[in-house]
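# Breakdown of the fold
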Amino acid sequence: MVMDKLFIAGVSVLGLALITGLFVPIEGADVYFPIGVLAAVLLIAAGWYNSSRKNVQRTQVQREIDAS
């Protein structure tokens, strides 16, 4: 899961949202911070879903190979 591109993008967006929300005083941070965190959570969830689907597919293929 850690090597999934969506997961890496989500962690990066979360890091940027936290850094800008906590340490960089910009106008509109009260709007951008929650949007950044929400986008990060969605990207991390999508990365987790993709990796779990790949694991299920690998397990299924391995079962078919073992059954042959």
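Here the structure is shown first, and the text comes after it.
Quick notes on the rules
Residues numbered from 1 in each chain as written. Predicted model: local features only at pLDDT ≥ 70, side-chain atom pairs only at ≥ 80, totals over all residues. Heavy atoms only, no water. Helix = DSSP H or I, 4+ residues; strand = E, 2+ residues; numbered from the N terminus. Contact = heavy atoms within 4.5 Å. Patch = residues over 30% accessible without salt bridge, like charges linked within 9 Å, V, L, I, M, F, W, Y side chains within 5 Å. Areas by Shrake-Rupley, 256 points an atom, 1.4 Å probe, with all protein chains shown as cover. Salt bridge = Lys/Arg side-chain N within 4 Å of Asp/Glu carboxyl O. Buried < 20%, exposed > 50% of the residue type's maximum accessible area, 1.4 Å probe, protein only. Axes fitted to C-alpha atoms, helices over the stretch in contact; angles between N-to-C directions. Parallel < 35°, antiparallel > 145°, perpendicular 65-115°, else oblique. Left-handed = near helix turned anticlockwise from the far one by under 90°. Nonpolar A, V, L, I, M, F, W, Y, C, P; charged D, E, K, R; others polar.

Let's shift gears to the environment of Leu14. Topologically, Leu14 is positioned in helix α1 (residues 5-23). With 23 residues separating them in the primary sequence, Leu14 and Val37 have C-alpha atoms 5.6 Å apart. In this structure Leu14 touches Val37 and Ala40, once residues within four positions along its chain are discounted.

Turning to a nonpolar patch on the surface, a few remarks are in order. Judged by side-chain polarity, Leu18, Ile19, Leu22, Phe23, Val24, Ile26, Val31, Tyr32 and Ile35 come together as a nonpolar surface patch covering roughly 910 Å² of accessible area. The set of elements that each furnish at least two residues to the nonpolar patch consists of α1 and α2 (29-67). By the secondary structure assignment, Val31 is in helix α2. On the accessibility criterion, Val31 (45% relative accessible area) is partly exposed.

In this section: the packing of α1 against α2. Where α1 contacts α2, the axes come no closer than 7 Å and their chain directions differ by 160°. In terms of their interaxial angle, α1 and α2 are classed as roughly antiparallel. Between α1 and α2 the crossing geometry is left-handed. Contact with α1, carried on its side by Leu6, Phe7, Ala9, Gly10, Val11, Val13, Leu14, Ala17, Leu18 and Gly21, involves Phe33, Gly36, Val37, Ala39, Ala40, Leu43, Ile44, Ala46, Gly47 and Asn50 of α2 and no other residues of that element. Residue composition of the contact of α1 with α2, grouped by class: 15 nonpolar, five polar and no charged.

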